[in-house]
Amino acid sequence: MKTHALLWNGRAFEKTAGLPVTDRGFRYGMSVFESFPVREGKAAFLEKHLERLRSACATVGFSLPHGVLEKCGDALAGAESGFGRIYVTAGDGAVTENCDACRVLIFVEEREPAAARVYHRGYDLALHAGEHAPVFPGVKTGNYWANLRAFREGVAAHCNEMLLFNEAGHLVSACMANVFIVSERLVKTPDVSTGARAGVVREWAMSRVETAEALITRAEAEAADEIFLTSSWLGIMPAESIGGRKLDRREIATRLLKEYRDENGG
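As a starting point, this report considers the structure included with it. On a predicted model such as this, the values are computed, not experimentally measured, just so you know. (Residues numbered from 1 in each chain as written. Predicted model: local features only at pLDDT ≥ 70, side-chain atom pairs only at ≥ 80, totals over all residues. Heavy atoms only, no water.)

**So, the overall build of the chain**
- Scanning the chain from N- to C-terminus turns up 8 helices and 15 strands.
- Taking the principal axes of its C-alpha atoms as reference, the chain extends roughly 55 × 40 × 35 Å.
- Residues classed as buried in the chain amount to 49% of the 266 residues present.
- Sequence-distant contacts in the chain: of pairs separated by 6 or more residues, those separated by 24 or more amount to 70%. (Helix = DSSP H or I, 4+ residues; strand = E, 2+ residues; numbered from the N terminus. Buried < 20%, exposed > 50% of the residue type's maximum accessible area, 1.4 Å probe, protein only. Contact = heavy atoms within 4.5 Å.)

Put into structure tokens, the structure is as follows:
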């Protein structure tokens with residue numbers, strides 16, 4: 001797999017083989033990141049992703065090196081097409097020390113887009129039985145193990161994604177995507193108070209179709225007429241089934257998918 005990795009050295013981004021093992025991002029999972037498709041050296045919705053990264057750093061108490069995010073666009077210009085991430089780590093130090101010497105890493109990996117047949121068929125969704133409790137609700141952190149564990153359970157059950165619910169029983173998201181449900185033509189997505197993340201493509205979808213941010217129960221999700229997922233990698237992904245029940249409608253997802261591809265080329 002081809003990769004393109006760059007680390008901020010205090011003045012510019014330079015090629016790197018990785019982070020030092022002394023970094024608290026490696027040792028303790030203390031990192032935040034944003035991810036996006038890269039096409040011919042350009043990252044989709046880069047400014048919006050950088051805005052969310054700034055917000056995430058403020059939430060977790062990371063001090064960003066001055067001016068570093070403004071350099072990311074130029075640094076990505078040399079990358080081949082694939083899937084990119086910008087990580088901000090806690091840097092070196094003891095667990096009790098402030099995060100005032102954060103590292104910033106740009107990482108682009110070669111990855112083939114999901115095949116057209118996958119969008120044509122749609123995703124099979126399962127519902128996770130446990131409670132999802134992220135360390136920082138609404139923030140994409142490097143501590144992604146709980147999401148990946150649930151995702152692997154879904155794959156083992158021959159599903160493409162798993163829907164996650166918080167301790168109150170409200171829908172949060174899928175393991176790697178935001179979720180929209182449609183019931184009686186009303187479009188809903190989990191309210192950010194559940195721990196849902198205000199993702200870039202989620203925001204794009206909400207700007208194209210009237211959507212209510214709501215507390216969605218497990219029963220509501222299971223009974224939905226239509227469900228679709230949004231993420232920076234997938235764009236808009238229709239659901240074929242939920243909990244083994246076939247979903248017969250996908251009108252909104254189909255329209256949004258076409259509009260998204262027309263606007264963003266993906």
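**Observations regarding the sheet that holds strand β6 (residues 103–109)**
- Judged by pairing direction, the sheet is antiparallel, and its 6 strands sit side by side in the order β2-β1-β6-β5-β3-β4 without closing on themselves. Every interior strand has two partners, whereas the edge strands, β2 (13–15) and β4 (42–43), have only one.
- As paired elements, strand β3 (residues 31–39) and strand β5 (residues 82–89) share 8 bridges and run antiparallel to each other. Considered in β5, the bridge of Ser 31 is made with Thr 89.
- Where helix α2 (residues 46–60) meets the sheet, its contacts fall on β3, β4 and β5, and the angle it forms with β3 comes to roughly 175°. (Pairing = 2+ DSSP bridges. Axes fitted to C-alpha atoms, helices over the stretch in contact; angles between N-to-C directions.)

**Notes on the side chain of Ser 241**
- Mapped onto the elements of the fold, Ser 241 is located in strand β14 (residues 235–242).
- One polar contact links Ser 241 to Asp 124, side chain to side chain, over a distance of 2.6 Å. (Polar contact = N/O pair within 3.5 Å; in protein donor to acceptor, adjacent residues only side chain to side chain.)

**Some words on the packing of aromatic side chains**
- This model, assessed by the stated rule, comprises 7 aromatic pairs.
- On the numbers, 5.1 Å between centres and 35° between planes, the contact of Phe 33 with Tyr 87 is tilted. A residue pair is termed long-range when its members are at least 10 positions apart, and Phe 33 in strand β3 and Tyr 87 in strand β5 qualify at 54 residues.
- Note on Tyr 87: relative accessible area 21%, which makes it partly exposed.
- Note on Phe 33 and Tyr 144: the rings are 5.9 Å apart at their centroids and 65° apart in plane angle, and the pair reads as edge-to-face. With Phe 33 in strand β3 and Tyr 144 in the loop between β7 (123–131) and α5 (145–156), this pair connects stretches of sequence that are 111 residues apart.
- Judged by its relative accessible area of 8%, Phe 33 falls in the buried class.
- Note on Tyr 144: relative accessible area 23%, which makes it partly exposed.
- Sitting above the plane of the Trp 233 ring, Arg 111 keeps its charged end 4.8 Å from the centroid.
- Above the plane of the ring of Tyr 119 lies Arg 261, whose end atom (NZ or CZ) is 4.5 Å from the centre. (Phe/Tyr/Trp six-rings, centres within 6.5 Å; stacked < 30°, edge-to-face > 60°. Lys NZ or Arg CZ within 6 Å of the ring centre and 35° of its normal.)

**Structural notes on unusual backbone geometry**
- The backbone of Glu 40 sits at a positive phi, close to 50°, despite the residue not being glycine.
- Tracing the chain through its elements places Glu 40 in the loop between β3 and β4.

**Comments concerning the side chain of Thr 211**
- Tracing the sequence through the fold places Thr 211 in strand β12 (residues 211–214).
- Judged by its relative accessible area of 18%, Thr 211 falls in the buried class.
- A distance of 2.9 Å separates a polar side-chain atom of Thr 211 from the backbone oxygen of Val 209.
- The residues touching Thr 211, leaving out its near neighbours within four places in the chain, are Phe 180, Val 187, Lys 188, Thr 189 and Met 206.

**Some details on the environment of Val 200**
- By secondary structure assignment, the location of Val 200 is in helix α6 (residues 200–208).
- The buried category is assigned to Val 200, whose relative accessible area is 3%.
- Between the alpha carbons of Val 200 and Arg 52 there is a distance of 8.6 Å; along the sequence they are 148 residues apart.
- Those residues within four positions of Val 200 in sequence are excluded, and the remaining contacts are Phe 45, Lys 48, His 49 and Arg 52.

**Quick word on the packing of α6 against helix α8 (residues 251–264)**
- Interhelical geometry of α6 versus α8 gives an angle of 115° and a closest axis separation of 11 Å. Accordingly, the angle class assigned to the pair α6 and α8 is roughly perpendicular. In the crossing of α6 with α8, the sense of the turn from one axis to the other is right-handed. Taken together, the residues of α8 that come into contact with α6 (itself represented by Val 201, Trp 204, Ala 205 and Arg 208) are Arg 255, Leu 256, Glu 259, Tyr 260, Glu 263 and Asn 264. (Parallel < 35°, antiparallel > 145°, perpendicular 65-115°, else oblique. Left-handed = near helix turned anticlockwise from the far one by under 90°.)

**Thoughts on the pattern of salt bridges**
- Counted by the stated rule, this structure contains 17 salt bridges.
- Between Arg 103 and Asp 23 there is a salt bridge, and its shortest N-O distance comes to 2.8 Å. Of the two residues, Arg 103 is situated in strand β6 and Asp 23 in the loop between β2 and α1 (24–28); the sequence distance between them amounts to 80 residues.
- Assessed through its relative accessible area of 0%, Asp 23 is described here as buried.
- A salt bridge links Arg 202 to Glu 213, with the nearest nitrogen and oxygen atoms 2.7 Å apart. Taken as a pair, Arg 202 in helix α6 and Glu 213 in strand β12 lie far apart in primary sequence, 11 residues in all.
- Residues participating in the shared-partner salt-bridge network are Asp 23, Asp 92 and Arg 103. (Salt bridge = Lys/Arg side-chain N within 4 Å of Asp/Glu carboxyl O.)

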